[in-house]
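# Results of the structural survey
The chain contents come next:
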Amino acid sequence: ILQSYSHDHPLEKLKSVLDVNDVREIQQCVRQVHTDTAISQYIVDLVNATRRDERLQLGVSPRGAIMLSRASQAAAFADGREYVLPDDVQRLASFVLAHRLILTSKARFAGRTKPQIIQELLERVKIPT
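The structure reproduced in this document is the subject of the present report. Only a predicted model underlies this, so the values are computations on that prediction, with no experimental measurement involved. (Residues numbered from 1 in each chain as written. Predicted model: local features only at pLDDT ≥ 70, side-chain atom pairs only at ≥ 80, totals over all residues. Heavy atoms only, no water.)

## With respect to the packing of helix α1 (residues 20–31) against helix α3 (residues 62–78)
Look at α1 against α3: their axes get within 8 Å of each other, and the N-to-C directions meet at 100°. On the basis of the axis angle, α1 is roughly perpendicular to α3. Of the residues in α3, those touching α1 at I26, C29, V30 and R31 are R70, Q73, A74 and F77. For the contact of α1 with α3, the residue count by class is five nonpolar, one polar and two charged. (Axes fitted to C-alpha atoms, helices over the stretch in contact; angles between N-to-C directions. Helix = DSSP H or I, 4+ residues; strand = E, 2+ residues; numbered from the N terminus. Parallel < 35°, antiparallel > 145°, perpendicular 65-115°, else oblique. Contact = heavy atoms within 4.5 Å. Nonpolar A, V, L, I, M, F, W, Y, C, P; charged D, E, K, R; others polar.)

Rendered as C-alpha cells:
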C-alpha cells in the first residue's frame, strides 16, 4: 500500500462531475422549492422546543432553523418534488440540529444523546396537516 501511494494518490486522478456554475444552478433550484407557511411554522416550533427543553443548556438558534429549512428544500429537490413535506424536516432534523445543541451536565450523565432528544421533540411537536 505504501509503495503504491508513494508517487501519486488515486484522489488526484478524480475528475469533477460539476463545475462551480453547475453547483450554483442547483443551489438556485433548491431555493425555488416551495416551503409552505405551515412547514416553516413547524420548523420554528421544533426549534423553540429545543430552547425550552430542560435537558438542553443551549437550544437551536434562528440560523439553525434556516439551515433545517434549506436542508429540507434540498431533500425535496433530490426526491424530485417542488415542495417540502414534514417528512423532509423530520428526516433531517437530527443531522442538521444535533451539533447546534448543548446538553446539560445532568442530561449527559443520564446518558441522553442529542439525537434522542431531537427525536423526542419531533414526537411532541405537532406535525402540520
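## Concerning the nonpolar core
General note: in soluble globular proteins, nonpolar side chains tend to be found buried as a group. Within the largest apolar cluster, 28 residues are counted, with the highest numbers of intra-cluster contacts made by I43, L46, L68, V89, L97 and I118. Only α2 (37–52), α3, α4 (86–97) and α6 (114–124) provide two or more residues apiece to this core. For this core, the element with the highest residue contribution is α2, accounting for six residues. (Core = buried A, V, L, I, M, F, W, Y, C linked by side-chain atoms within 4.5 Å. Buried < 20%, exposed > 50% of the residue type's maximum accessible area, 1.4 Å probe, protein only.)

## A short note on the packing of aromatic side chains
One pair of aromatic rings is described through two measures. These are the centre distance and the angle between the planes. Counting across every chain of the model gives zero aromatic pairs. Of note, R81 hangs over the ring of Y83, and the distance from its end group to the ring centre comes to 5.7 Å. (Phe/Tyr/Trp six-rings, centres within 6.5 Å; stacked < 30°, edge-to-face > 60°. Lys NZ or Arg CZ within 6 Å of the ring centre and 35° of its normal.)

## Remarks on α3
With 17 residues, α3 ought to run about 24 Å at 1.5 Å a step, and its terminal C-alpha atoms sit 24 Å apart, in line with that. Within α3 the residues assigned to the buried category are G64, A65, L68, S69, S72, Q73, A75 and A76. Close packing links the buried residues of α3 with α1, α2 and α4. Two residues or fewer past α3, G80 is found with a positive phi of approximately 80°. (Expected span 1.5 Å × (residues − 1).)

## Describing α2
For α2, which comprises 16 residues, the first-to-last C-alpha distance of 22 Å matches the rise-based estimate of 22 Å (1.5 Å per residue) to within 8%. On its buried face, α2 sits against β1 (56–58), α3, α4 and α6.

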